[in-house]
Amino acid sequence: MNPSNPEFDKTEEFSDGKYSVYSFSNSSNKFRRIACDEESICILPFELNENNQITNVYLFKYDDYLLGGSKLACITDTFDKDKFDSHFLAVENSLEDKMGVSNIDINDCYFLGNVSHGIPFSKEYRCYAVNITSAISERNFLNQPAFSDLEKIKFSKVVNGQAPDSLILSCSLLLLSYFSE
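All of the points below concern the structure found in this document. (Residues numbered from 1 in each chain as written. Predicted model: local features only at pLDDT ≥ 70, side-chain atom pairs only at ≥ 80, totals over all residues. Heavy atoms only, no water.)

## A short note on the pairing of strand E4 (residues 40-48)
- When you tally the buried positions in E4, you get nine out of nine residues, the bulk of the element.
- The two faces of E4 match: Ser-40, Cys-42, Leu-44, Phe-46 and Leu-48 on one face and Ile-41, Ile-43, Pro-45 and Glu-47 on the other face are all buried.
- In this sheet, strand E7 (residues 75-78) lies alongside E4 in antiparallel orientation, the contact comprising four bridges. When the sheet's bridge partners are listed, Ile-43 is paired in E7 with Ile-75. (Buried < 20%, exposed > 50% of the residue type's maximum accessible area, 1.4 Å probe, protein only. Helix = DSSP H or I, 4+ residues; strand = E, 2+ residues; numbered from the N terminus. Pairing = 2+ DSSP bridges.)

## Points about unusual backbone geometry
- Its identity as a non-glycine residue notwithstanding, Asn-52 has a phi of 60°, on the positive side.
- Summarising the element assignment, Asn-52 is placed in the loop between E4 and strand E5 (54-63).
- Overall, Asn-52 belongs to the partly exposed group, its relative accessible area being 46%.
- The phi dihedral of Asn-103 falls on the positive side, at around 55°, and the residue is not glycine.
- Turning to its location among the elements, Asn-103 is positioned in the loop between helix H1 (87-99) and strand E8 (109-117).
- Here Asn-103 falls in the exposed class, since its relative accessible area comes to 70%.

From the geometry alone we can't say anything about function, so treat these as descriptive.
This is the structure in structure tokens:
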């Protein structure tokens, strides 16, 4: 046993096929962790200006009943491998469902990597950023009632911490690597 990494007994307390609650204990410690076993995608839609600079991102608004108030998040969805042959098709389907944006060019889709959360909730997302500049140039979909849960926010506000969700910040910083010189 390594003193800096003590061994714990792990017990599954609950599982519904999607979420599991585990209890960990040893002679001096006891704690719980939640894990999500579902494969998920995360999407950060963005716009570029004429100088190829990121100007805006589109985020999902939701009511946070635990912390209170309205919060912002990336678009997330479950990846159903029985429904989609590729992650790109899942991203494209999710953007059409949640934004009404279709026919995304594969060259406008950037794989940002896998982003994981560890404590107290374990979850991994396969993250994508999608340039929707040309797809939305002729429409103002934010004024449509079906998409009222979306918010357009300046990218500079996101990287300055005004959208403090860790997944948004991770995706935004990873996206910068594609457009920085």
